[in-house]
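# Secondary and tertiary structure notes
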Amino acid sequence: MNYYEKELAALKRSGRYRQRRLFDENLIDLASNDYLGLSHKKELIDEAYKRVSSYQSHASKASMLVNGYHPIHASFEKALCEANGFEDGIVLGSGFSANVAMIETLLRKGDELFMDEKYHASGVMATKLNDAKTTYFKHNDANELETQLKASTAKRKVIAVEGIYSMDADVLNIDIIHLADKYDALLILDEAHSSGVIGNKLMGILDYYNLPVKDNYIKMGTLGKAYGSFGAYILASSHIIEYLINRAKPIIYATAPSLFDTALGHVSLEYILKNSESLKKEIKENQHIIKEVLGIEIKGLIVPMKIGNNKKVMQIQEKVMNENYLIGAIRQPTVDTAIIRLIARLGVDKKDLHTVCNLIQGFLR
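The sections below set out a description of the structure shown in this document. As a convention, each chain's residues are numbered from 1 in the sequence order in which they are written. pLDDT decides what is reported in this predicted model: residues at 70 or higher carry local features, side-chain atom pairs at 80 or more are listed and counted, and totals for whole chains, interfaces and linings draw on all residues regardless. Side-chain figures throughout are based on the complete set of non-hydrogen atoms in the structure, without hydrogens or water.

## Description of the overall build of the chain
Secondary structure counts use DSSP, requiring at least four H or I residues in a row for a helix and at least two E residues in a row for a strand, with both numbered from the N terminus. Secondary structure summary: the chain contains 15 helices and 12 strands in total. Against the compact-globule benchmark of 21 Å for 365 residues, the chain has a radius of gyration of 21 Å, which places it among compact chains. Expressed as a percentage of the 365 residues in the chain, the buried residues total 53%. Pairs at least 24 apart in sequence give 71% of the contacts found in the chain among residues at least 6 apart. Under the convention used here, a 1.4 Å probe and the Shrake-Rupley method define accessible areas, while residue burial counts only the protein chains that appear. Carbon and sulfur atoms provide 49% of the accessible area of the chain, an area that totals close to 17600 Å². Here the chain contributes 46 positive and 45 negative side-chain charges, whose respective centroids are spaced 4 Å apart. The reference for a compact globule is 2.2 Å times residues^0.38; the radius of gyration itself is calculated from the C-alpha atoms. We call a residue buried when its accessible area falls under 20% of the maximum for its residue type, exposed when it is over 50%, and partly exposed in between, using a 1.4 Å probe and counting protein chains only. Any two residues whose heavy atoms approach within 4.5 Å at even a single point are treated as in contact. For this count, His and the chain ends are skipped, Lys and Arg are scored as positive, and Asp and Glu as negative. We put the charge of a Lys on NZ, of an Arg on CZ, of an Asp on CG and of a Glu on CD.

## Side note on unusual backbone geometry
Between Gln332 and the following residue, Pro333, the backbone shows a cis peptide bond with an omega angle of 5°. At Asn140, a position not held by glycine, the phi torsion is positive, near 60°. Position of Asn140 among the secondary structure elements: in the loop between strand E4 (133–137) and helix H7 (142–151). For Asn140, a relative accessible area of 15% corresponds to the buried category.

## Observations regarding the packing of helix H14 (residues 310–321) against helix H15 (residues 350–364)
Here, axes are lines fitted to C-alpha atoms. For helices the fit covers the stretch in contact, and angles between N-to-C directions go from 0 to 180 degrees. Where H14 meets H15, the axes come as close as 10 Å, and the angle between the chain directions of the two elements is 140°. With respect to H15, the element H14 is oriented oblique. As for the relative orientation of H14 and H15, their crossing is right-handed in sense. Contacts between H14 and H15 pair Lys312, Ile316, Lys319 and Val320 from the former with Val356, Ile360, Phe363 and Leu364 from the latter. Note that Gly is not counted as nonpolar here; it falls among the polar residues with everything else outside the nonpolar set of Ala, Val, Leu, Ile, Met, Phe, Trp, Tyr, Cys and Pro and the charged set of Asp, Glu, Lys and Arg. Of the residues in the contact of H14 with H15, the class split is 6 nonpolar, no polar and 2 charged. Under this scheme an angle from 65 to 115 degrees is roughly perpendicular, one under 35 degrees roughly parallel, and one over 145 degrees roughly antiparallel; angles in between are oblique. Should the near helix be turned counterclockwise from the far one by less than a right angle, the crossing is left-handed, whereas a clockwise turn marks it as right-handed.

## Some details on the sheet that holds strand E3 (residues 111–116)
Two strands qualify as a pair provided that DSSP identifies no fewer than 2 bridges between them. Here we have 7 strands laid out as an open sheet, ordered E2-E8-E7-E6-E5-E3-E4, and mixed in their pairing. In this open sheet, the two strands that pair with only one neighbour each are strand E2 (88–92) and E4. Averaged over all adjacent pairs, the angle separating strand axes in this sheet is 20°, with direction ignored. Pairing of E3 with E4, which is carried by 5 bridges, proceeds in the parallel orientation. Directly across from Glu112, in E4, lies its bridge partner Lys133. Most of the contacts of helix H5 (residues 95–106) go to strand E7 (residues 217–222), to which it runs at about 155°, and overall it touches E2, E3, strand E5 (156–162), strand E6 (186–190), E7 and strand E8 (232–236). In the packing of helix H10 (residues 238–247) onto the sheet, the strands contacted are E2, E6, E7 and E8, and the crossing angle to E8 comes to about 135°.

## Re the sheet that holds strand E12 (residues 339–343)
Ordered in space as E9-E12-E11, the 3 strands form an open sheet in which the pairing is antiparallel. The open sheet has two edge strands, strand E9 (302–306) and strand E11 (328–330), and neither has a second partner. Across the sheet, the mean angle separating the axes of adjacent strands is 25° when strand polarity is ignored. Bridge count for E11 against E12 is 3 bridges, and the pairing is antiparallel. Looking at the pairing, Gly328 lines up with Arg341 of E12.

## Notes on the nonpolar core
Counting residues in each nonpolar core, the largest one holds 112 residues, and the members touching the most others are Ile159, Ile234 and Leu342. Apart from the residues within four sequence positions on either side, Leu342 is in contact with Leu30, Ile290, Leu294, Leu301, Ile302, Val303, Met305, Ile327, Val356, Cys357 and Ile360. To qualify as a nonpolar core, a set must consist of buried Ala, Val, Leu, Ile, Met, Phe, Trp, Tyr and Cys residues joined through side-chain atoms within 4.5 Å.

Right, dumping it as structure tokens:
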């Protein structure tokens with residue numbers, strides 16, 4: 001008995017059917033979120049392994065609040081705070097868990113959450129788990145947000161936005177940050193796609209705008225993208241982290257994050273800070289190629305191209321794959337309309353980046 005036969009058939013008809021796929025390792029990767037190419041640097045793995053091996057146990061073994069909290073977690077949290085200018089921080093198992101932890105826990109009855117309409121699905125899901133009011137504002141629209149903030153009678157206001165939006169690739173409007181200050185609102189910055197990619201030290205959106213950290217700012221970043229590992233972190237004022245530790249279910253009821261992944265994230269952070277100038281130079285070079293060939297100006301390393309047809313994006317992906325390149329074919333519900341998503345990630349030869357851009361141009365024509 002196939003209990004979901006009709007639903008699966010409908011997904012296939014609409015071109016929205018998905019499946020896990022093992023891609024050929026020899027394909028040149030221009031689809032993943034490994035923005036800095038750190039997942040290919042074996043010296044980072046070796047250093048992380050050395051750090052974990054220096055302890056008696058290589059596993060977390062329990063929740064952070066039982067006995068799973070480890071010196072590897074603590075040292076990484078301290079390093080993240082120092083690099084980003086925050087008082088306190090905590091590591092979690094994933095960016096999805098971090099968004100659920102923040103949005104489910106920090107919003108209480110009588111509060112109001114103002115969320116960008118293109119905020120990540122994990123945050124949208126988390127709004128269903130609390131008793132607060134959720135109000136969506138037009139993507140990156142500070143004027144609409146201010147109108148909503150003025151009208152709000154909530155006892156506590158929280159704004160949730162992203163540093164770089166994962167599918168549109170645009171950078172957060174600085175006016176939204178200023179509105180958080182003006183209306184004394186907590187500001188959740190999801191930096192999954194901006195941390196490690198923008199800013200003078202490559203630390204993300206506040207670094208990019210050269211803004212000081214304030215008590216009402218909360219930063220979430222992931223390790224599974226620019227940091228070439230797996231996991232996430234939340235940085236904030238000490239009392240906010242203290243509150244999350246005491247109330248957030250993804251912290252209380254989950255085994256503490258992997259020691260190896262956390263150590264690898266720490267090694268990657270050190271690598272990024274040490275090599276920020278050369279990394280920024282290479283990022284600019286790749287951005288220039290995208291502008292030159294595709295005519296698209298990007299602030300990070302995500303290059304979205306609207307196609308609007310689910311079957312066509314899959315066809316373009318297959319054609320590009322036949323030339324030994326892997327690009328993203330993104331369909332609903334991840335996006336409103338189907339896009340080709342190219343990642344101009346570091347570590348890819350500049351000739352290959354030129355070639356794949358020209359290929360896509362040809363297929364689009």
